Structure formats: C-alpha cells, structure tokens
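Next come the chains, spelled out residue by residue.
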Amino acid sequence: MKRFKGIKTLAAIIGISLAVQAVPTFADSVHVAKDGDTFYTLSKQYGVNLNQLMNANPNVQATNIYPGLKLNVPGASTAKAFAAEDSGSIITAASLNVNGDDKVVEAWGKTFDYSKTLDVRATAYSSAASENGKWGAVDYFGNPLKLGTIAVDPSVIPLGTKVLVTGHSFPGLPKKAFVATAKDTGSAIKGKRIDIFVPGSPESVSAFGFQDVELYFIK
C-alpha cells in the first residue's frame, strides 16, 4: 500500500519514549536469515539473551550467517514456527484465547489485559522509498521501521498505543496474533485504518491487500 508520512513534529527531538517495549513476540521460533543478520542483531530483535541464542544454534559459526540460513530462536512460549521460504521473516502459529468478561486475551503463551477492542481495515507497507516519502524508512519518531510497527490515525489510535493484532492472514506476519505499537502515521491512514510495516519487497508486501482485523488494546 503506497503511503506518505505527514509532517513530522518536534516529538523526536524532545525524545518522547512512546515506543513501549514489546514482549518477545517470536520466542521458540525459527528465523530465516537475511543479509546483515548477526547473533547480536537477532538477540536485540527478538529480545533474547545472546548466549542463549548462540547455544540454540551450536552448529552455526557467528561469522557464517548467510541469507536463507535457518536459526533457532529460544524462548518460553509454546509457539510452533514455520520458516518463510523467501521473505526472510518469521511465520509462527499462536494460540489465541479471549476472556471477554475479565478482558483478558492470551497469545503466545502470555496473558494480556486489554482495555478495549477495535475493528479496523488494514493494509501493509514496506521500507521502499516510494512508500515512505522524503524521510525514508523510519517511523514518526525517526526510528528505523521494524516488524511490529504500525501506522495509525492518532485521533483514533494515539501514538505509543500497544495492541495485539488479530484476524490477519499473510505469510510475512505471525499467524493469528502479534504485538504491535502505533509508531507511525500516513496521509492515507485516516479513521479506523492501520498500515502494518512488513519487511520485504514492495511487490511481496502489496499482496497483503486490504484486510479486516481486530485490535486488542493491551496494557
């Protein structure tokens, strides 16, 4: 989905830390390496201990991580992982249980309290310059785009809001549910709309199309 960011404010200069730390969404999964991946960058990406990550891959030399190599990502969840064939991303299966009375949702073996839900129309965007305007592949606050970043209409979903995205279907995203944070905006993202950043080529990401998803506003 082609998109262009609106005018940035001075929020990045002020240094507002609205990017709430997400839980390790892809624990106990398989990562398909892409160019530039290292044990260190992956430990930061997935929020796992560097030594644990290396120990989970005893036959992989740190200097020989090449595109297409499958790496185990350790964690405490019970997610079952399936490696993407060519996207370099993670496809994982989650169990999703919702207790509407207590406003509790469980995904990836972790329980989240949620304040409300919202049905929205979702699209997806890549890091291509044609989709990000003159600011490049960065979010509203100037941080590099990464999986888990969504663009929103701040009048509907305030920036910094953390949500559990459910109901989508796309090979470049975790199945059933994933944690995302509202860190970006776009001139085409108005009302009950979100734009999900997905690593990959513009052609592959455009296959997401338009999808109706449900958001859980988690605490």
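Quick caveat, the model's predicted, so the values are computed rather than measured. (Residues numbered from 1 in each chain as written. Predicted model: local features only at pLDDT ≥ 70, side-chain atom pairs only at ≥ 80, totals over all residues. Heavy atoms only, no water.)

## With respect to the overall build of the protein chain
Okay, step 1: Of regular secondary structure, the protein chain possesses four helices and twelve strands.
Okay, step 2: Among the 219 residues that make up the protein chain, the fraction classed as buried is 45%.
Okay, step 3: Sequence separation of 24 or more characterises 73% of the internal contacts of the protein chain that already satisfy a separation of 6 or more.
Okay, step 4: For the protein chain, the exposed surface amounts to about 10,900 Å²; the carbon and sulfur share of it is 52%. (Helix = DSSP H or I, 4+ residues; strand = E, 2+ residues; numbered from the N terminus. Buried < 20%, exposed > 50% of the residue type's maximum accessible area, 1.4 Å probe, protein only. Contact = heavy atoms within 4.5 Å. Areas by Shrake-Rupley, 256 points an atom, 1.4 Å probe, with all protein chains shown as cover.)

## Some remarks on the packing of aromatic side chains
Okay, step 1: Tallied over the entire structure, the rule returns four aromatic pairs.
Okay, step 2: Pairing Tyr140 with Phe141 gives two aromatic rings, centres 5.2 Å apart and planes at 80 degrees, and the pair type is edge-to-face.
Okay, step 3: Judged by relative accessible area, Phe141 falls into the buried class, the value being 12%.
Okay, step 4: Seen in terms of ring centroids, Phe170 and Phe208 are 5.5 Å apart; in terms of plane orientation they differ by 70 degrees. Their pairing is edge-to-face. Note that Phe170 is positioned in the loop between strand S9 (162-166) and strand S10 (177-184) and Phe208 in the loop between helix H4 (202-206) and strand S12 (211-218), a separation of 38 residues in sequence. For the pair Phe170 and Phe208, one class covers both residues: buried.
Okay, step 5: The ring of Phe217 carries the charged tip of Lys116 above its face, separated from the ring centre by 4.8 Å. (Phe/Tyr/Trp six-rings, centres within 6.5 Å; stacked < 30°, edge-to-face > 60°. Lys NZ or Arg CZ within 6 Å of the ring centre and 35° of its normal.)

## Regarding helix H2 (residues 39-46)
Okay, step 1: All of the buried residues along H2 are Phe39, Leu42, Ser43 and Tyr46. Down the axis, H2 shows its buried residues gathered within 105 degrees of arc, on one side only. Away from its buried face by more than 90 degrees, H2 exposes Tyr40 and Lys44.
Okay, step 2: Once H2 finishes, Gly47 follows within two positions and takes phi at roughly 70 degrees, a positive value. (Arc of directions from axis to C-beta.)

## Some details on unusual backbone geometry
Okay, step 1: With a phi angle near 55 degrees, Lys103 is a residue other than glycine that sits in the positive phi range.
Okay, step 2: Following the sequence through the fold, Lys103 ends up in the loop between strand S5 (96-99) and strand S6 (104-107).
Okay, step 3: Lys103 sits in the partly exposed class, given a relative accessible area of 40%.
Okay, step 4: Of note, the phi angle at Lys176 is positive, near 70 degrees, even though the residue is not glycine.

## Things to note about the pairing of strand S8 (residues 149-152)
Okay, step 1: Burial along S8 is two-sided: Thr149 and Ala151 and Ile150 and Val152, pointing in opposite directions, are all buried.
Okay, step 2: Bridge count between S8 and S10: three bridges; the pairing is parallel. When the sheet's bridge partners are listed, Thr149 is paired in S10 with Thr181.
Okay, step 3: Judged from the three bridges that link them, S8 and strand S11 (residues 193-197) form a sheet pairing that is antiparallel. Within S11, the position partnered with Ala151 by the bridge is Asp195. (Pairing = 2+ DSSP bridges.)

## Quick word on the nonpolar core
Okay, step 1: Counting 25 residues, the largest nonpolar core has Ile157, Ile194, Ile196 and Leu215 as the members making the most contacts within it.
Okay, step 2: Mapped onto this core, the elements with two or more residues apiece are strand S7 (110-125), S8, S9, S10, S11 and S12.
Okay, step 3: When residues in this core are grouped by element, the largest group, four residues, is from S7.
Okay, step 4: What Ile196 contacts, discounting residues up to four positions off in sequence, is Ala122, Thr123, Ala124, Tyr125, Thr149, Ile150, Leu173, Phe178 and Phe208.
Okay, step 5: Ranked by size, the runner-up nonpolar core spans eleven residues in total, among them Tyr46, Leu53, Leu71 and Val73. (Core = buried A, V, L, I, M, F, W, Y, C linked by side-chain atoms within 4.5 Å.)

## Comments concerning the side chain of Asp195
Okay, step 1: With respect to the helices and strands, Asp195 occurs in strand S11.
Okay, step 2: Here the side chain of Asp195 touches Thr123 through a polar contact of 2.6 Å, side chain to side chain. (Polar contact = N/O pair within 3.5 Å; in protein donor to acceptor, adjacent residues only side chain to side chain.)

## Description of the pattern of salt bridges
Okay, step 1: Scanning the model with the defined rule gives two salt bridges in all.
Okay, step 2: Notably, a salt bridge pairs Asp37 with Lys34, separated by 3.5 Å at the nearest N-O pair.
Okay, step 3: Among the residues examined, Lys34 registers a relative accessible area of 35% and is labelled partly exposed. (Salt bridge = Lys/Arg side-chain N within 4 Å of Asp/Glu carboxyl O.)

In short, the description is geometric, and any link to function would need to be established separately.
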